[in-house]
Structures are given as structure tokens and as C-alpha cells.
Amino acid sequence: MRILVFLLAISLLFSLPSAVAQNQPGADALLAEADALIASAHLPEALAKTREAMNMLQDYHPAIQKEINILFLMNDEKESVKAVDNAIDRYPDIAEYSYLRGIINNGRGKFLRALDDFSRAIDMNPSGILYKCYLGRGVSYYNLLEYDEAMADLNASIQQNDTVASAYYSRAMVYYEIKDYAAAVNDFQKSLQFSEGN
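Reading the values: the criteria
- Residues numbered from 1 in each chain as written.
- Predicted model: local features only at pLDDT ≥ 70, side-chain atom pairs only at ≥ 80, totals over all residues.
- Heavy atoms only, no water.
- Helix = DSSP H or I, 4+ residues; strand = E, 2+ residues; numbered from the N terminus.
- Buried < 20%, exposed > 50% of the residue type's maximum accessible area, 1.4 Å probe, protein only.
- Contact = heavy atoms within 4.5 Å.
- Areas by Shrake-Rupley, 256 points an atom, 1.4 Å probe, with all protein chains shown as cover.
- Phe/Tyr/Trp six-rings, centres within 6.5 Å; stacked < 30°, edge-to-face > 60°.
- Polar contact = N/O pair within 3.5 Å; in protein donor to acceptor, adjacent residues only side chain to side chain.
- Expected span 1.5 Å × (residues − 1).
- Arc of directions from axis to C-beta.

Chemist: Break down the overall build of the chain for me, with residues and values.
Modeler: Looking only at helices and strands, one finds 10 helices and 0 strands in the chain. Along the chain direction, N to C, the helices and strands of the chain fall in the order α-α-α-α-α-α-α-α-α-α. Counting only residues that meet the buried cut, the chain has 39% of its 198 residues in that class. A separation of at least 24 residues holds for 46% of the contacts in the chain among residues at least 6 apart in sequence. Surface summary for the chain: the accessible area is close to 11400 Å², and the carbon and sulfur share equals 55%.

Spelled out as C-alpha cells, the structure:
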């Protein structure tokens, strides 16, 4: 009997990765449908497609992140905060969730909390989103009227990725506040240049 249980457990272990691999294309297709629905402002339908993908793959991070984004876009503060807090509890080492909570907290006007979230994400040194984390934290500092810190983070964001219009726009706002109008105009122009077609 023990041998049978052991063999079943071993076969289950080897079948799980293939089951995930088989379900990922279906989940990705549902997320692509959700993206199209988001683009056409059909957020409840996009959320339904995303949750369908989450049901296919329980721990599929692109789906979890998309659910959080959609809830935020729907202005469902309570549910977006609940979803991102749950994700951080389950996956504390995934910087994207701290980043998302920072975005939500910036949107809620809770800039000190957002600073903590972005700093936590930056400390994890996430290569793909590091520039976004610096940008988010720079916006938090800007809203707290801490212009030196805002400038440092916005410069770091632009150094990481120099094609993001919102980084130039945010830095232009800091330049404007510190009355460096020539630099502000230059960054506003770069912001327009990089936002063309978007």
C-alpha cells in the first residue's frame, strides 16, 4: 500500500508541471482577451476573463497582477487593496506586488505608504520594473513636496529607461516647482516626444 501511495505521489509530481504547461497557453489567451477588453473600456468583462485564467492556473502571476490592475482601474479601492495585500502575503519576494501596492497607494493619496512599498520593491532590485519603482517613488516624493528626493528618483528612473514619457513629465513638474523653467520645458518636450503614438 505504501509503495502505491508513493508511486501515486511521484506521478503527481511529474504530471503537475506538464499540466501547468498545458494550461498556460489557455490562460495567456484569456489574458490577451482581457487586454482587448481593457483597451475598449469593458472592465467587468476583462475582470471575468482574468479570473477565468486564474482558475486555470492558481499561482499564475500575470493573471494575479492583471486582476489587481483591473480592480484599480475600476476604482474598486477596497478590492484592489485586498487583492494586492493577499498577493504580498503569499509572495513576499515578488517585487511587482509591492510596486502595484505603491501605485494604488499613490492613487489613494497615501504617499508615505507608497514610499514604503516602492522602497521595498527597489530593495529587491527587480530588473524588469526597477525604473517604474523609481518613477513611482519619485512621484510619491513629489507629492510630499520633497523635491530633492523626487529628483534623485526620477533621474534614476530615466537612467534605467530613458524612453518613458511619464518620467520626463514628472521630472518637468519637479523642475517647475524649483523654478528651473528651462529644464522643465526641455523635459515637457521630451515627454511629448516619447508619448507620441501612445
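Chemist: Before we move on, could you go through the packing of aromatic side chains and cite the residues and values that matter?
Modeler: Per the stated rule, a full pass over the model turns up 6 aromatic pairs. Judged by centre distance (5.9 Å) and plane angle (50 degrees), the rings of Tyr142 and Tyr147 are tilted. Exposure remark for Tyr142: the relative accessible area of 18% places this residue in the buried category. Judged by relative accessible area, Tyr147 falls into the buried class, the value being 18%.

Chemist: Quick one: what's the story with unusual backbone geometry, residue by residue and with numbers?
Modeler: The general pattern is negative phi for most residues beyond glycine and trans for most peptide bonds. Phi at Leu145 is positive, roughly 65 degrees, even though this residue is not glycine. Tracing the backbone shows Leu145 in the loop between α7 (130-143) and α8 (147-160). Classification of Leu145 by relative accessible area gives exposed; the value is 58%. The backbone of Lys179 sits at a positive phi, close to 65 degrees, despite the residue not being glycine. With respect to the helices and strands, Lys179 occurs in the loop between α9 (165-177) and α10 (181-195).

Chemist: How would you explain the side chain of Ser157 if you had to name every residue and give the values?
Modeler: Relative to the assigned elements, Ser157 resides in helix α8. The exposure class assigned to Ser157 is buried, which follows from its relative accessible area of 0%. Here Tyr131 takes part through its backbone oxygen, which lies 2.8 Å from a polar atom of the side chain of Ser157. In contact with Ser157, other than residues within four places in its own chain, are Tyr131, Tyr134, Leu135 and Ala167.

Chemist: Describe in detail α10, supporting the description with residues and values.
Modeler: With 15 residues, α10 should cover 21 Å at 1.5 Å per step; its first-to-last C-alpha distance of 21 Å lies within 8% of that length. Within α10 the residues assigned to the buried category are Ala183, Ala184, Asp187 and Ser191. Taken around the axis of α10, the buried residues stretch over an arc of 100 degrees, which confines them to a single face. Facing away from the buried side of α10, by more than 90 degrees, are the exposed residues Ala182, Gln189 and Leu192. On the buried face of α10, the contacting elements are α9.

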